[in-house]
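# Overview (structure and organization)
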Amino acid sequence: MSVATLLGAPVAERVLLGDEALAQGALDAGISAAFAYPGTPSTEIMESLLAPGREGRRPKGGWCANEKTAYEAALGVSMAGRRALVAMKHVGLNVAADAFVNSAVVHVHGGLVVAVADDPGMHSSQNEQDTRVLAEFAHAICLEPSDQQETYAMTREAFELSERFGLPVVVRLVTRLAHSRSAVTLSAPRAENPTQKDPAGARSWVLLPGNARRLWKERLAQHDELVRWADASGLDTLELADHPGGLGVITAGIGKQHFLEVVDELPIRPSHLHVATYPLPVALLRKLATYCPRLLVIEEGSPFVERRLQHLLPMRRSVDGRDTGRIPPDGELSPDVVRAALGLPAREHPAFATPLPGRPPQLCQGCPHRDTYAALRLALADRGEGVVAGDIGCYTLGALPPFAALESCVCMGASIGMARGAAAAGLRPAVACIGDSTFLHSGVPALMDAVAEDADMTVLVLDNEAVGMTGGQVPALPDSRLLPIVLGVGVDPAHAHVIAAHPSRVDAMADVIRRELDHRGLSVIVAVRQCLPAQKKQRGQDVPE
Amino acid sequence: MRIDIVLAGVGGQGVLSVAAVLAEAARREGFCVQQTELHGMSQRGGAVQAFLRIADAPVHSDFVSHGTADLVLALEPLEALRQVAYLKPGGLLLTAADPVENIPDHPGREQVLAWIATLPRTAVVEAAELAREAGAPRALNTVMVGAASGVLPLRVEILRACLCEAFAAKGERVVQQNLAAFEAGRRAAACAPA
Ligand code: SF4
């Protein structure tokens, strides 16, 4: 079975982003619900499901407070026998990891597909972790498409596999696939599953030790079956060269496209195995290795396949890739990187060697965060050595000049916990800067900790009433609920404020911040004004890209 | 036939709209089209780059390789220079003349245009001025679509139709302004030394 035969008769052709192809695949596979937290480059999966004017049915669900709540909601849909999609960026899977890893121990009932978009090259992320590693850790199946058409087809197939093997199935995208457009042929949609609970009931879903031990044994015993499936799936394709010996190339994901782009320039066409399934197709890998004494692995992300080869191959083979330095260990693949790895000379181009100044992204003109940072700088002037812990969103750009206001950005929600720790270590004033959506995502539990010890710190919630960075999605709760949440977890009302973030109010904002920096104990200041593009988007106006 | 294009500019200038209009026109001409875009960080006034590959048979990678671009089409001259390594020998660098000086160390218009003048095949368009003259000061990107039209195998009627559709939602006035900007770009490129 090849990717083409996965699909039934074609019913339509569309030009789709990789993210959109994935969403369409899930829709046509008959999902009843989809859940996500926005994060580049995965955001357009949910955006596309929510787009106005989308004909036909719209699945239930939508944006969630964070990736873990999104995952758990999808798992509940699966428990009820229906199909669900959950989508996130690579670091989002860290947040959802508890749910993800344990959901691979239960016996998934309705198809459960986890769409994860990795960001090699870190265009919009703090790291370039490889989702294949976490998928293997969880013993889940992972499929890796290499173009938009495969993204559509493999997403549909992922639901079938999930139900057949009782496992969550990951579909791994990378930035350049998620955010590239190409024509996709769609096939006839499938109906939704009826609601029907798992007949195995609690035996499959209650992970008390007795059940968990049995289910885990079954899961481990399933591995060989999955490998046999991978080898026969037709998703992994082997083309042997006319003569044995010589180079064998293994590609994964969009590595295939870069390889095919340059292969014709090689004097002898190498044998080629393209890998799209994890667990890996062991028999195909061994067949290639028997045929070719030298192997080169071209994969996006970590040297995942390259390392597995070391113990999959009974014979000693020379395996090249990111670990051996033939391909740089970090950064995105490109046809140029692959050329060099294959020993092809660089192409000539017009010369221009003068170093140019970089142009990093900036806060929009008129962004409310500009006013908040201006006020924070005023308030912090002439204070001793304190700390301003930052978080993840547009406002992270406040770390750059001219604001230079933030001293950290590590993971979603980290600012509050880190400011609390820094305060415990003796830094004063300790300030946490966190956006409204990030606060709801994972800031609230840390605030509870700070309340519990009345930590000597100030939390500044930069409330732009939107998830600005990813295009102005509406946060899980409206901004009017932030103060009740802050008070509800026990922050002293005398030290909880809501202020307007506006250029004409910077001095007044600074006064409030100053007063709370003087206070020995916990304070929370919510600085509110809506993100400009989000405002336009919500009014249905055009947003300049 | 294959035409590889690298598009460049500054977030907010409408680089992705240019890519979308050219891609749609190419599709209507019956070509296979691959188009990349980057969302997120790159949109906030930072450097933006997109690849567009137009061919009469499917191409593999979404990337344009170094030394293979037929055209670098830039809405800002410093961003144009950032893409020189993509040009093939004899490829054209076509850019708006107007710098976006939103960084403290921008070398300035004169220096950047002087650097561009050292390259073998370039055309610089006074796009901001042309957009203003056309009564569409925000349509610098559409001026550059017009400027590029002369070197692409895309019929002018088809490009016009794609522009009309792209701006239809904003009303007839905006559509007419953009058509005027498109014509201004076309005329400018016709006299530019490339
Ligand atoms: S998108 Fe919104 S929050 Fe982000 S920088 Fe622009 S105005 Fe500020």
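What you see is a predicted model, and the numbers here were worked out from it, not measured in a lab.

All right, on to the sheet that holds strand 3 (residues 60–63) of chain A then. Residues and elements named next belong to chain A. Across the sheet, seven strands lie side by side as 3-2-4-5-7-6-12; this open sheet has mixed pairing. Here the strands that pair on one side only, and so sit at the sheet edges, are strand 3 and strand 12 (277–278). Packing of helix 2 (residues 18–28) onto the sheet brings it into contact with strand 2 (31–36), strand 4 (83–89), strand 5 (112–118) and strand 7 (169–174), and relative to strand 7 it is tilted by some 160°. The strands touched by helix 3 (residues 43–50) are strand 2, strand 3, strand 4, strand 5 and strand 7; relative to strand 3, the strand with the most contacts, the crossing angle is about 130°.

This next bit is on the sheet that holds strand 3 (residues 47–55) of chain B. Read across the sheet, eight strands follow the order 1(A)-8(A)-2(B)-3(B)-1(B)-4(B)-5(B)-6(B) without closing on themselves; strand pairing throughout is mixed. On the outer flanks of this sheet lie strand 1 (10–17) of chain A together with strand 6 (122–125) of chain B, each paired with one strand and no other. On average, each strand axis in the sheet is inclined to that of its neighbour by 20°, with strand direction left out of account.

What follows concerns the confidence of the model for chain A. In the predicted model, chain A carries a mean pLDDT of 93, and the fraction of residues at 70 or more is 96%. For residues 1–5 of chain A, every residue scores under 50 in pLDDT, and the model assigns this stretch 10 contacts once sequence neighbours within four places are set aside.

Residues and elements named next belong to chain A. What the second largest pocket holds in volume is close to 610 Å³. Lys89, Gln126, Ile392, Gly393 and Met412 are the residues nearest the centre of the second largest pocket, which is lined by 37 residues in total. When contributions to the lining of the second largest pocket are tallied by element, the ones reaching two or more residues are helix 5 (90–95) and helix 19 (436–452). Counting residues per element, the lining of the second largest pocket draws most heavily on helix 19, which supplies five residues. A breakdown of the residues in the lining of the second largest pocket according to their chemical character gives 16 nonpolar, 18 polar and three charged. Structurally, the lining of the second largest pocket is a two-domain feature, drawing no fewer than three residues from each of domain 1 (3–221) and domain 3 (368–537).

Residue and element names in this part refer to chain B. In the contact formed by helix 1 (residues 15–28) and helix 6 (residues 156–167), the axes pass within 9 Å of each other and the chain directions differ by 130°. By the angle between their directions, the pair helix 1 and helix 6 is classed as oblique. Note that helix 1 runs across helix 6; the crossing there is right-handed. Residues Val21, Leu22, Glu24, Ala25 and Arg28 of helix 1 pack against Ile158, Leu159, Ala161, Cys162, Leu163, Glu165 and Ala166 of helix 6. Residues of the contact of helix 1 with helix 6, tallied by class, amount to nine nonpolar, no polar and three charged.

Turning our eyes to something else, we now look at the pattern of salt bridges. All names here are of chain A. Enumeration according to the criterion identifies 44 salt bridges over all chains in this entry. Glutamate 299 is the salt-bridge partner of arginine 132, the closest N and O atoms lying 3.0 Å from each other. Highlighted residues: arginine 132 in helix 7 (residues 131–137) and glutamate 299 in the loop between strand 13 (294–298) and helix 15 (304–312), separated in sequence by 167 residues. Glutamate 299 sits in the buried class, given a relative accessible area of 2%. Put simply, arginine 520 and aspartate 456 hold a salt bridge, and the shortest N to O gap is 3.9 Å. Of the two residues, arginine 520 is situated in the loop between helix 21 (506–518) and strand 19 (523–528) and aspartate 456 in the loop between helix 19 and strand 17 (458–463); the sequence distance between them amounts to 64 residues. In this structure aspartate 456 comes out as partly exposed when scored by relative accessible area, which is 23%. Among the charged side chains, a salt-bridge network with shared partners connects Asp118, Asp130, Arg132, Glu144, Arg172 and Glu299.

A complete count under the given rule lists seven aromatic pairs over all chains for this structure. On the numbers, 6.3 Å between centres and 65° between planes, the contact of Phe165(A) with Trp229(A) is edge-to-face. With Phe165(A) in helix 8 (residues 148–165) and Trp229(A) in helix 12 (residues 223–232), this pair connects stretches of sequence that are 64 residues apart. The residues Phe165(A) and Trp229(A) share a single accessibility class, namely buried. Ring geometry for Phe51(B) against Phe63(B): centres 5.4 Å apart, planes inclined by 45°, an arrangement best described as tilted. Placement of the pair is Phe51(B) in strand 3 and Phe63(B) in the loop between strand 3 and strand 4 (69–74), with a sequence separation of 12 residues. For Phe51(B), a relative accessible area of 1% puts it in the buried group.

The subject of this paragraph is the site of the ligand. Around the ligand, the neighbouring residues are Leu363(A), Cys364(A), Cys367(A), His369(A), Cys394(A), Asn464(A), Cys531(A), Leu532(A), Pro533(A) and Arg44(B). Nearby residues around the ligand are contributed by chains A and B. Because more than half of its atoms lie within 2 Å of the grid, the ligand is assigned to the largest cavity. In terms of residue class, the shell around the ligand is made up of seven nonpolar, two polar and one charged.

Here we take up helix 2 of chain A. Residue and element names in this part refer to chain A. Where burial is concerned, most of helix 2 is hidden: 11 out of the 11 residues are buried. When we look at burial in helix 2, the residues that qualify are Gly18, Asp19, Glu20, Ala21, Leu22, Ala23, Gln24, Gly25, Ala26, Leu27 and Asp28. Positive phi appears at glycine 30, one or two residues downstream of helix 2, with a value of about 85°.

Definitions and cut-offs
- Residues numbered from 1 in each chain as written.
- Chains lettered and ligands numbered in written order.
- Predicted model: local features only at pLDDT ≥ 70, side-chain atom pairs only at ≥ 80, totals over all residues.
- Heavy atoms only, no water.
- Pairing = 2+ DSSP bridges.
- Helix = DSSP H or I, 4+ residues; strand = E, 2+ residues; numbered from the N terminus.
- Contact = heavy atoms within 4.5 Å.
- Axes fitted to C-alpha atoms, helices over the stretch in contact; angles between N-to-C directions.
- pLDDT = per-residue confidence, 0-100.
- 1 Å grid on protein atoms, 1.4 Å probe; cavity = no way out; pocket = protein on both sides within 12 Å on 5 of 7 lines; lining within 4 Å.
- Points joined across faces, edges and corners; volume = space filled by probe spheres on them.
- Nonpolar A, V, L, I, M, F, W, Y, C, P; charged D, E, K, R; others polar.
- Domains from an automatic or database assignment.
- Parallel < 35°, antiparallel > 145°, perpendicular 65-115°, else oblique.
- Left-handed = near helix turned anticlockwise from the far one by under 90°.
- Salt bridge = Lys/Arg side-chain N within 4 Å of Asp/Glu carboxyl O.
- Buried < 20%, exposed > 50% of the residue type's maximum accessible area, 1.4 Å probe, protein only.
- Phe/Tyr/Trp six-rings, centres within 6.5 Å; stacked < 30°, edge-to-face > 60°.
- Near = heavy atom within 4 Å.
- Sits in = over half its atoms within 2 Å of the grid points.

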